[in-house]
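Reading the structure
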Amino acid sequence: MAASTNIATTYGLRLAAPLAIFYAAFFLAPLLILFYVSLHVDPEMTRFGFTQYAKFLFDPFSLAVLGHTMWIGVEVTLLCLVLGLPLAWLYVRAPSWAQSTLMLVILLPLLTSVVVRTFSWIVILGRQGIVNTTLASLGLIDAPLKLLYTEAGMVVALAQVQMPLMVLPLITALSKLDPSLLDASSALGAGEWRTFRKVILPLTLPGIVAGCLLTYAAAITAFITQTLVGGGQMLFMPMYIYQQATTLSNWPFAAAISIIFLGAVLVALSLFSLLGRLSKGYAHA
Amino acid sequence: MRLPRPSLDRMSFTLVMWTLGFAAVALLLLPTLVVVIVSFTSGFSLRFPPTGYSLRWYAALLDAWQLHFAATNSFKIALWTTALSVLLGVAAALAVARSETLMARILDSFFMSPLVLPALAFGIAALMYFTVIGLPVSPLTLVIGHTVVCVPFVVRTTVAALAQMNASLLESSASLGASTFYSFRRVTLPLIRPGILAGAFIAFMSSFDNVPVSLFLRDARTDMLPIRMWQDLEGRLDVTIAAVSGVLIALTVLALVVMERVAGLSRRIR
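Everything quoted here is computed from the prediction, not taken from an experiment.

Across the boundary between the two partners, chain A contributes 97 residues, which contact 97 residues of chain B. Each partner contributes to the roughly 8,600 Å² buried at the junction of chain A and chain B, and carbon and sulfur atoms together form 81% of this total. Where chain A packs against chain B, one counts 1 salt bridge. Here R10 of chain B makes a salt bridge to E192 of chain A, at a shortest N to O gap of 2.4 Å. A breakdown of the residues in the side of chain A that touches chain B according to their chemical character gives 74 nonpolar, 22 polar and 1 charged.

Structure follows, in structure tokens:
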């Protein structure tokens, strides 16, 4: 039976060939060239060596940029999770008319241009922005607060920009949850908090991990939001790469830090998928 | 009859969930509203709330030829990227969906990888690569670069649509003597069309909005809208950008509502 299903419904791997070839030529090959360029000692690319990597890994400034970038991702992901989980929880309990409205609200930031979303944060956090004018009219502050170009402002802006990536997998995970499990938990005397901690959280863990993975990957590479809301005082990996490549034309170093950044992202993502696999075992146990 | 649970537990839980949930909705919604309101200001600053309202910045858009040029470029590139992404992505999705072979799993992860890898690193790699193979930066290189990062959306939604399809439909079609191609055209394609549409829409939007790849693969002839806006914002805070944002938000909301009707977008991208 299974065999006949396969014959009728699969089309054979040959159909994947065009995309596989396209990716080999225009995705894999460029990454290999990137690696090749990174192995040069001088910007004129005459000699080979690992000096670019050594330059990065023994430079406290560069390491701090990398560390700060990875840490920002953690902060943004946590904020998205703390706000996104209740939102997803409200969504699955909402009546269907409210669900379609909520879905529009969730999808709109995902599809709005990232420059537009970031621009709105400049308006909100600026010296004459909504936060400062509100606080001033309430008499809470005399001079406008500096909110733009601060880490807190940037984390909130990044959280808004990436929130849909967290909420959508959470909604999927929560709506797959069997309601009778929740009834059973409350019938057995567990309160809401206990049910949430002992039943809902463990069973939606795969969705949580999926959401965190997407949010994290997006937050640490969010070039536009990082540069416009973070400003020039904070340097993150994407801007670091861009500066080295375009302003300084130091292509081997730009290539090396791109490779290091790619590696760091891969390590972070494999940690997430390892967590995901563990959590699946946990959820099914 | 058991006594009801102490309600403090329930109340605190509901309170926390609603408060945080509402904060999330406000966070998602407010920035968009703020930009739309500011775009109608009559003043020269981005003060919120504006002191007066007018359509002057929308009127100013009519003469902003640089923005027109960039928007036209972005639109054309996004259109070509979407077409190429659908062609390559749908074929690949048909191959890897419903297949449990190791090769299919590996290809699936390979096709999804541009989604999570830093696009800026790919952008710089692509520029080096095109320089090495002697292909000068042009609309063509932009379309190729955009397609690499946009195909995964089409693959993902199409694979999801294929996975939901009832296999017995194809079996009946085959047992009634239809050829594979005929079954595809008359049974599979109509059923997965909403999935393909949703993927094409997201691919289009993400190409139109792309910065990290365009940053390296464009030149003066191919100025792109998001980059034009980014550079304008880095230089000075121009209210014209608020009007551009207003237009983009209106178009996005419109497209979103239409796609929800036509393709059930929200069910396709989870």
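Attention now goes to the environment of M229 of chain B. Assignment of secondary structure puts M229 of chain B in helix α10 (residues 225-235). Residue M229 of chain B is classed as buried on the basis of its relative accessible area, which comes to 1%. Here the alpha-carbon distance between M229 of chain B and T240 of chain B, two residues 11 residues apart in the chain, equals 9.7 Å. Residues contacting M229 of chain B, with those up to four places away along its chain left out, are V115 and V116 of chain A together with L67, I241, V244, S245 and L248 of chain B.

All names here are of chain B. Tracing the sequence through the fold places G89 in helix α3 (residues 65-96). Sequence spacing of G89 and I144 is 55 residues, and the spatial spacing of their C-alpha atoms is 14 Å. Excluding residues within four positions of it along the chain, G89 makes contact with V151, V154 and V155.

A separate point is the packing of helix α6 (residues 114-125) of chain A against helix α8 (residues 151-175) of chain A. All names here are of chain A. Relative orientation of the contacting elements α6 and α8 amounts to 140 degrees, with a least axis distance of 10 Å. The chirality of how α6 crosses α8 is right-handed. Where α6 abuts α8, its residues V114, R117, W121 and L125 lie against G153, V156, A157, Q160 and V161. Residues belonging to the contact of α6 with α8 are distributed by class as follows: 6 nonpolar, 2 polar and 1 charged.

As a further point, take the packing of helix α2 (residues 17-38) of chain A against helix α6 (residues 139-164) of chain B. Axis separation between α2 of chain A and α6 of chain B bottoms out at 10 Å; the angle between their running directions is 140 degrees. With respect to their mutual orientation, α2 of chain A and α6 of chain B come out oblique. α6 of chain B is crossed by α2 of chain A, and the crossing has left-handed handedness. Within the contact between the two elements, α2 of chain A uses L19, F22, Y23, F26 and F27 of chain A and α6 of chain B uses I144, T147, V148, V151, P152 and V155 of chain B. For the contact of α2 of chain A with α6 of chain B, a count of residues per class yields 10 nonpolar, 1 polar and no charged.

With that settled, the discussion passes to a nonpolar patch on the surface. All names here are of chain B. A cluster of nonpolar side chains, namely L29, L30, L33, I37, F40, Y53 and L55, defines an oily patch on the protein surface of about 630 Å² accessible area. Topologically, L55 is positioned in the loop between α1 (7-39) and α2 (56-61). Since its relative accessible area comes to 55%, L55 is described here as exposed.

With that settled, the discussion passes to unusual backbone geometry. Residues and elements named next belong to chain A. The phi dihedral of M45 falls on the positive side, at around 55 degrees, and the residue is not glycine. Counting through the fold element by element, M45 comes out in the loop between α2 and α3 (51-57). Judged by its relative accessible area of 36%, M45 is partly exposed.

Rules of the game
Residues numbered from 1 in each chain as written. Chains lettered and ligands numbered in written order. Predicted model: local features only at pLDDT ≥ 70, side-chain atom pairs only at ≥ 80, totals over all residues. Heavy atoms only, no water. Contact = heavy atoms within 4.5 Å. Buried area = accessible area lost by both parts, 1.4 Å probe. Salt bridge = Lys/Arg side-chain N within 4 Å of Asp/Glu carboxyl O. Nonpolar A, V, L, I, M, F, W, Y, C, P; charged D, E, K, R; others polar. Helix = DSSP H or I, 4+ residues; strand = E, 2+ residues; numbered from the N terminus. Buried < 20%, exposed > 50% of the residue type's maximum accessible area, 1.4 Å probe, protein only. Axes fitted to C-alpha atoms, helices over the stretch in contact; angles between N-to-C directions. Left-handed = near helix turned anticlockwise from the far one by under 90°. Parallel < 35°, antiparallel > 145°, perpendicular 65-115°, else oblique. Patch = residues over 30% accessible without salt bridge, like charges linked within 9 Å, V, L, I, M, F, W, Y side chains within 5 Å. Areas by Shrake-Rupley, 256 points an atom, 1.4 Å probe, with all protein chains shown as cover.

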